[in-house]
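Fold and contact review
The lines below spell out each chain.
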Amino acid sequence: ALEPISVGVAIGVACAVTGYLSEPNFYCRFVECCPSGELRLNATALKTQLDTKLFGQHLAKDVVLKAALGFSNNPSPKKPLTLSLHGWAGTGKNFLSQILAEHIHPTGLRSKFVHLFLATLHFPHHDRVEVYKEQLQNWIRGNVSACPHSIFIFDEMDKMHPGLIDAIKPFLDYYEHVDRVSYRKAIFIFLSNAGGDLINKAALDFWTSGKQREDIQLKDLEPTLSLGVYNNKNSGLWHSSLINRNLIDYFIPFLPLEHRHVKMCVRAEMRARGYAVDEQVVQAVADEMTYFPKDQKIFSDKGCKTVQARLDMHEDV
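Residues numbered from 1 in each chain as written. Predicted model: local features only at pLDDT ≥ 70, side-chain atom pairs only at ≥ 80, totals over all residues. Heavy atoms only, no water.

Across its full length, the protein holds 14 helices and seven strands. With the C-alpha coordinates of the protein rotated into their principal frame, the extents come out at 95 × 50 × 35 Å. Per-residue burial over the protein gives 45% buried out of 317 residues. Once local pairs closer than 6 in sequence are excluded, the contacts in the protein between residues at least 24 apart make up 75%. (Helix = DSSP H or I, 4+ residues; strand = E, 2+ residues; numbered from the N terminus. Buried < 20%, exposed > 50% of the residue type's maximum accessible area, 1.4 Å probe, protein only. Contact = heavy atoms within 4.5 Å.)

This next bit is on the UniProt feature "domain: Torsin-1A C-terminal" (unreviewed entry) in the protein. Listed under "domain: Torsin-1A C-terminal" (unreviewed entry) in the UniProt record, and renumbered for this structure, are residues 257–312. Secondary structure across residues 257–312 comprises 54% helix and 7% strand; the distance between its end C-alpha atoms is 21 Å. (UniProt positions renumbered as here; feature names shortened; annotations may be inferred.)

Another aspect to go through is the sheet that holds strand 5 (residues 250–253). Judged by pairing direction, the sheet is parallel, and its five strands sit side by side in the order 2-3-4-1-5 without closing on themselves. Strands with a single pairing partner mark the edges of an open sheet, and in this sheet they are strand 2 (114–118) and strand 5. Sheet twist, expressed as the average angle between the axes of neighbouring strands with direction ignored, equals 15°. (Pairing = 2+ DSSP bridges. Axes fitted to C-alpha atoms, helices over the stretch in contact; angles between N-to-C directions.)

Attention now goes to the layout of surface pockets. Put simply, the largest pocket is a space of about 810 Å³. Residue lining of the largest pocket: 28 residues in total, with Gly90, Gly92, Phe95, Cys304 and Lys305 positioned closest to the centre. For the lining of the largest pocket, the elements supplying multiple residues, two or more each, are helix 3 (43–53), helix 5 (93–104), strand 4 (187–192), helix 12 (259–272) and helix 14 (307–312). Classifying every residue of the lining of the largest pocket gives eleven nonpolar, nine polar and eight charged. Both domains that furnish three or more residues to the lining of the largest pocket are identified here as domain 1 (43–254) and domain 2 (258–312). (1 Å grid on protein atoms, 1.4 Å probe; cavity = no way out; pocket = protein on both sides within 12 Å on 5 of 7 lines; lining within 4 Å. Points joined across faces, edges and corners; volume = space filled by probe spheres on them. Nonpolar A, V, L, I, M, F, W, Y, C, P; charged D, E, K, R; others polar. Domains from an automatic or database assignment.)

The next subject is unusual backbone geometry. For the bond running from Phe292 to Pro293, omega is -10°, close enough to zero to count as cis. Residue placement: Pro293 occurs in the loop between strand 6 (291–292) and strand 7 (299–300). Even without being a glycine, Asp179 presents a positive backbone phi close to 55°. Here Asp179 shows up in the loop between helix 8 (169–172) and strand 4.

Glancing now at the state of the cysteines. Applying the stated criterion across every chain yields a total of three disulfides. Between the sulfur atoms of Cys34 and its disulfide mate Cys147 the distance is 2.1 Å. The S-S bond linking Cys34 to Cys147 shows a torsion near 70°; that makes this disulfide right-handed. Of this pair, Cys34 sits in the loop between helix 2 (24–28) and helix 3 while Cys147 sits in the loop between helix 7 (129–146) and strand 3 (151–155), and the two are 113 residues apart along the sequence. For the pair Cys34 and Cys147, one class covers both residues: buried. Sequence-ordered numbering of the bonded cysteines in the protein gives a disulfide pattern of 1-2, 3-4, 5-6. (Disulfide = S-S within 2.5 Å.)

Attention now moves to empty space enclosed by the protein. The final tally for this structure, using the stated rule, is two cavities of 30 Å³ or more. Roughly 60 Å³ of volume is contained in the largest cavity. In the lining of the largest cavity, the residues fall into three nonpolar, three polar and two charged. Phe171, Asp173, Tyr175, Val178 and Tyr183 are the residues nearest the centre of the second largest cavity, which is lined by 13 residues in total. When the residues that make up the lining of the second largest cavity are grouped by side-chain class, the tally is seven nonpolar, two polar and four charged.

Shown next, in the form of structure tokens:
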């Protein structure tokens with residue numbers, strides 16, 4: 001016969017273990033879960049990361065920080081947050097989108113709730129655009145059904161076939177549900193080199209007139225940028241209904257980087273590799289980059305894109 005006390009202890013332990021295992025957070029410690037309830041971003045942590053890792057982009061940092069925090073603090077958004085990031089390669093568009101993704105889903109681009117599309121990889125053939133449209137709609141519908149806080153990043157928008165991105169218009173619009181699915185808590189981010197020339201010209205005009213680049217405001221660039229992208233036949237947003245319907249919340253310009261910003265990138269990369277910062281190496285790497293205009297050499301024509309490779313040449317130092 002079993003002792004009553006032993007039976008009572010066993011039952012108590014079993015109940016405790018069962019209760020512990022059934023706790024919602026327990027499962028999510030081992031398997032990635034979609035954020036439940038209302039999403040709240042850590043404003044201080046996000047701002048700190050943007051300030052310490054993204055250089056020369058005061059506009060992009062300010063707009064994305066305010067837009068993301070406002071969106072996450074809104075218990076009932078009317079539409080998904082939709083951002084379009086524009087600028088030349090190496091200015092930080094991918095980097096910023098990764099930082100934002102990591103603050104919503106800690107594993108960032110490795111998260112099953114963060115989806116990266118590359119135009120040349122996922123949508124390479126012009127004659128299959130209609131097939132891509134259907135596949136894209138099904139993919140987004142399925143993933144938002146699984147996690148309302150899904151993030152979709154579309155890179156190389158300047159290489160995307162015109163008209164293809166319009167397939168996702170219903171998901172970005174002001175609908176409460178589309179086929180019984182709500183998309184209002186998702187985030188869509190477009191990355192494009194299109195409009196880079198317009199941004200660079202505006203930055204050069206500010207420099208020529210003796211103004212500080214930090215004085216450039218979003219209103220100085222956004223109207224021209226959105227119109228330029230809309231009329232650019234080399235843009236995936238050419239004559240797009242997403243622009244016609246004002247479904248893109250912000251067109252965010254990434255300014256060309258100056259010599260001092262390239263040096264900031266070199267220092268950050270050295271610290272990331274565990275090196276002590278050697279200013280002679282910093283100067284040497286920055287000087288090896290190429291700058292434009294040719295006669296003044298103000299802006300890096302590759303941003304910080306080749307900093308890592310060039311720093312490899314100085315490994316012995």
